[in-house]
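Residue-level structural notes
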Amino acid sequence: MSPSKSVILVTGGSGLVGKAIEWVVENDSKYGKREGEEWIYLTSKDGNLIDPAQTKAIFEKYRPTHVIHLAAKVGGLFGNMAANLDYFRDNLLINDNVLHNAKEFGVKKVVSCLSTCIFPDKTTYPIDETMVHQGPPHDSNYGYSHSKRMVDVMNRAYNDQYGCNFTSVIPTNVFGPHDNFHLVNSHVIPGLIHKCYLAQQNGTPFIMAGTGRPLRQFIYSRDLAKLFIWTLREYQEITPLILSVPEEEEVSIKQVGDSIVTAMGYTGDYRFDTTKADGQYKKTASNKKLMSLNPDFEFTPFDVALNETVQWFKENVDTIRK
Ligand code: NDP
C-alpha cells in the first residue's frame, strides 16, 4: 500500500476474524497499523449489507481506499441444511453490494473471504486453489458455497471489465478469541471448549463424539489476521489464495480434546463416544502457494493458540457468544 493516507474498511469487524484483525492491527509490530492508515471495523449495526442503500451509505460515509470483506451469513450444518436459499441469497446480496460499491467508489483493493468448505465434495487431496469450481460442493451447504464461489467469478469479471484489484482468500477452520461458543451452532473447537468448561463446572464427564481420529487443519484467528493484512499489502493476484497451516500440521480431533483438557485444567472423566459418527476423515488443503509467496511466515503452535483461546474463554465467559 502507498504511504499516503489509507482508509481500510473491515466488513464483519465484530466477528471472530474481524476482532483478530483489530487485535493484530493494534498489537503486532510487523503486521500492525502503519503510518497514514485508518482502520474501520463495521458491525451489522453500522448498516445491513444486504441492503443496497445502506451499503452505499457506508461507502459514502467512510470513502475507503481498501476493504477487507468478512461479513457473511454463516451458520452450522443444520442451519445451512434448513435454509440453503437464505444462505445463497443473503451472501450473494452482501457480496454484490460490497463489490459494486467498492468499484463505484474507486477502492484500490478488496480482499474477500471464502472458505475451504466451498470446494467440490468429491475431489482429490490435497485441495488447491485451482479446484474451487471443479465440481459441486457438499449438499448440506450448497447455497453458502455457491454464493462464496461467485465472489471469485465477480473478482475476475471486475478485473477483466474495469481493471479492479479485487481478490479473495480461502481460510481453513478458524478458532480463537471472540468465536461463537454455542454448544450446538458452533464450530468444533469453540463447541468443545464450552462443553469441557461445563463438565468442569458441573463435575460431569467430558464426552467427545466419535473416535477422535479425523484430521483437520485449524488456523488461529490471529495468524489468519496477519495473513489477511499481508494479502492486502502484498498479494498481487486476483485468483484466490488458501490460508492454511501446512499439511503436516493437521491435528486429530483427539489432539484437540487433549489440548482443551490440558488448557482447561480439567481432571474429570474424559472419553470418546465411538457410537457417534466421525464425519469425513480428512479434508487436507495445500498451503504451498501461500508459502511460496510468504516463506517466512510462522504459524503459532496449535497448543499455544488453543491455550490462549481457552484462557480468553474463561476470562470472558459471562459476556461471550454462547
Ligand atoms: P462471525 O459469524 O464471527 O462474524 C460475522 C460478521 O459478519 C459479524 O461482524 C456480523 O456482524 C457481520 N454480518 C453478518 N451479516 C451481516 C449483514 N447482513 N450486514 C452487515 N454485517 C453482517 O464470522 P467469522 O469471523 O467466523 O467469519 C468471517 C468470514 O470468514 C466469513 O466470510 C466466513 O464465511 C469466513 N470463514 C470463517 C471460517 C470459520 O471457521 N469461522 C472458516 C472459513 C471462512 P454482527 O456481529 O453485527 O452481527
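Refer to the structure printed above.
Notes on the structure in this doc start here. (Residues numbered from 1 in each chain as written. Predicted model: local features only at pLDDT ≥ 70, side-chain atom pairs only at ≥ 80, totals over all residues. Heavy atoms only, no water.)

**Things to note about the packing of aromatic side chains**
Per the counting criterion, the structure on display carries 16 aromatic pairs. Ring plane angle 15° and centroid distance 5.5 Å describe the contact between Phe-206 and Tyr-270, whose orientation is recorded as stacked. Placement of the pair is Phe-206 in strand β7 (residues 206-209) and Tyr-270 in strand β12 (residues 270-273), with a sequence separation of 64 residues. We classify Tyr-270 as partly exposed; its relative accessible area is 23%. Connected via pairs of aromatic rings, a cluster forms that spans Phe-175, Phe-218, Tyr-220 and Phe-302. Residue placement shows Lys-73 over the ring face of Tyr-87; its charged tip is 4.8 Å from the ring centre. Positioned above the aromatic ring of Tyr-162 is the side chain of Lys-103, whose terminal nitrogen or guanidinium carbon lies 4.2 Å from the ring centre. (Phe/Tyr/Trp six-rings, centres within 6.5 Å; stacked < 30°, edge-to-face > 60°. Helix = DSSP H or I, 4+ residues; strand = E, 2+ residues; numbered from the N terminus. Buried < 20%, exposed > 50% of the residue type's maximum accessible area, 1.4 Å probe, protein only. Lys NZ or Arg CZ within 6 Å of the ring centre and 35° of its normal.)

**Some details on the pairing of strand β4 (residues 109-113)**
In terms of burial, β4 is largely enclosed, as five of its five residues are buried. The sheet contact formed by strand β3 (residues 66-69) and β4 spans four bridges and is parallel. Paired with His-69 across the bridge in β4 is Ser-112. Note that β4 and strand β5 (residues 166-171) share four bridges and pair parallel. When the sheet's bridge partners are listed, Val-110 is paired in β5 with Phe-166. Chirality of the crossover, the property in question, places the unit of β4, helix α5 (residues 142-162) and β5 among those that are right-handed. (Pairing = 2+ DSSP bridges. Right-handed = clockwise from strand over helix to strand, strands pointing away.)

**What about the packing of helix α4 (residues 84-104) against α5?**
Angle between the axes and distance between the axes: these two values describe a pair of packed helices. It is the contact of α4 with α5, at a shortest axis distance of 8 Å, that shows an interaxial angle of 20°. Considered as vectors, α4 and α5 are oriented roughly parallel to each other. Both α4 and α5 take part in a crossing whose hand is right-handed. Counting all contacts with α4, which are made through Asn-84, Tyr-87, Phe-88, Asn-91, Leu-92, Asn-95, Asp-96, Leu-99, His-100 and Lys-103, the residues of α5 involved are Tyr-142, Gly-143, Tyr-144, His-146, Ser-147, Met-150, Val-151, Met-154, Asn-155, Tyr-158 and Tyr-162. For the contact of α4 with α5, a count of residues per class yields eleven nonpolar, eight polar and two charged. (Axes fitted to C-alpha atoms, helices over the stretch in contact; angles between N-to-C directions. Parallel < 35°, antiparallel > 145°, perpendicular 65-115°, else oblique. Left-handed = near helix turned anticlockwise from the far one by under 90°. Contact = heavy atoms within 4.5 Å. Nonpolar A, V, L, I, M, F, W, Y, C, P; charged D, E, K, R; others polar.)

Don't take any of this as a statement about function, it's just geometry.
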